[in-house]
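Take a look at the letters that make up each chain.
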Amino acid sequence: MVRKEDTVRLISAEGHEFVIEREAALVSNTLKNMLTSTGGFTETQLGEVRFPEISAPILEKVCQYFYWSLQFASGKETEFHIEPEMTLELMMAANYLHT
């Protein structure tokens, strides 16, 4: 069973919640800084991050990428498929998240 403190909730512009493992979220330098800072930020305290500019389909793909990245880093090389119509929005989200 996964403990609550081992997960992070990412919330899209539409309010969709994606609960992912903290380890996966830390793939993003931006999320890592938000979730591990000692400044008493809401994100650190609640374990959730809101993305008012990122739609649910894009945030879902970002979450998939986080897990793919962990697998790739452990030596499991597989393709990560991106639908062409998502490319621009994914690039903008990746730029913001520093992934």
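What you see as residue numbers is a count from 1 along each chain, following the sequence as written. pLDDT decides what is reported in this predicted model: residues at 70 or higher carry local features, side-chain atom pairs at 80 or more are listed and counted, and totals for whole chains, interfaces and linings draw on all residues regardless. Note: side-chain values were computed over all heavy atoms of the structure, leaving out hydrogens and water.

An unreviewed UniProt entry annotates the protein as Elongin-C originating from Sphagnum jensenii. UniProt positions are given in the numbering used here, feature names are shortened, and annotations may be inferred rather than shown by experiment. If you open the UniProt record of the protein and go to Subcellular location (unreviewed entry), you find "Nucleus". Under the UniProt heading Pathway (unreviewed entry), the entry covering the protein gives this text: "Protein modification; protein ubiquitination."

*Asks:* How should I be thinking about the UniProt feature "domain: SKP1 component POZ" (unreviewed entry) in the protein in this particular structure?
*Replies:* Here the UniProt-annotated "domain: SKP1 component POZ" (unreviewed entry) positions come out as residues 7-67. Counting secondary structure, residues 7-67 comes out at 48% helix and 21% strand; the distance between its end C-alpha atoms is 13 Å. Helix and strand assignments follow DSSP, with helices taken as H or I runs no shorter than four residues and strands as E runs no shorter than two, numbered in order from the N terminus.

*Asks:* What should I look at first to understand the pattern of salt bridges in this one?
*Replies:* One side chain can pair with another of opposite charge once the charged atoms of both are near each other. We define a salt bridge as a contact between a side-chain nitrogen of Lys or Arg and a carboxyl oxygen of Asp or Glu at a distance within 4 Å. Applying the stated rule across the entire model yields 4 salt bridges. With a closest N to O distance of 3.6 Å, Lys 61 and Glu 83 form a salt bridge. Of this pair, Lys 61 sits in helix α4 (residues 56-73) while Glu 83 sits in the loop between α4 and α5 (87-97), placing them 22 residues apart in sequence. Accessibility here uses a 1.4 Å probe with only protein chains present; expressed as a share of the type maximum, an area under 20% marks a residue as buried, one over 50% as exposed, and anything in between as partly exposed. With relative accessibility at 25%, the residue Glu 83 sits in the partly exposed group. Among the ionic contacts, a cluster of salt bridges with common partners joins Arg 9, Glu 17, Glu 48 and Arg 50.

*Asks:* Looking at this structure, how should I read the packing of aromatic side chains?
*Replies:* Two numbers describe a pair of aromatic rings. These are the distance of the centres and the angle of the planes. Centres within 6.5 Å make a pair out of two Phe, Tyr or Trp rings, where for Trp the six-membered ring is used; the pair is then stacked when the planes are under 30 degrees apart, edge-to-face when over 60, and tilted otherwise. All told, the structure shown has 5 aromatic pairs when counted by the stated rule. Centroid distance Trp 68 to Phe 72: 5.1 Å. Interplanar angle 20 degrees. Geometry classified as stacked. Note that Trp 68 and Phe 72 are positioned in helix α4 at a spacing of 4 residues, about one turn of the helix. Of the residues examined, Trp 68 reaches a relative accessible area of 18% and is grouped as buried. Chaining the aromatic ring pairs together yields one cluster made of Tyr 65, Trp 68, Phe 72 and Phe 80. Just above the ring of Phe 80 sits the side chain of Lys 61; from NZ or CZ to the centre is 5.1 Å. Each ring is checked for a lysine NZ or an arginine CZ that lies within 6 Å of its centre and within 35 degrees of its normal; such an atom marks a charge sitting over the ring.

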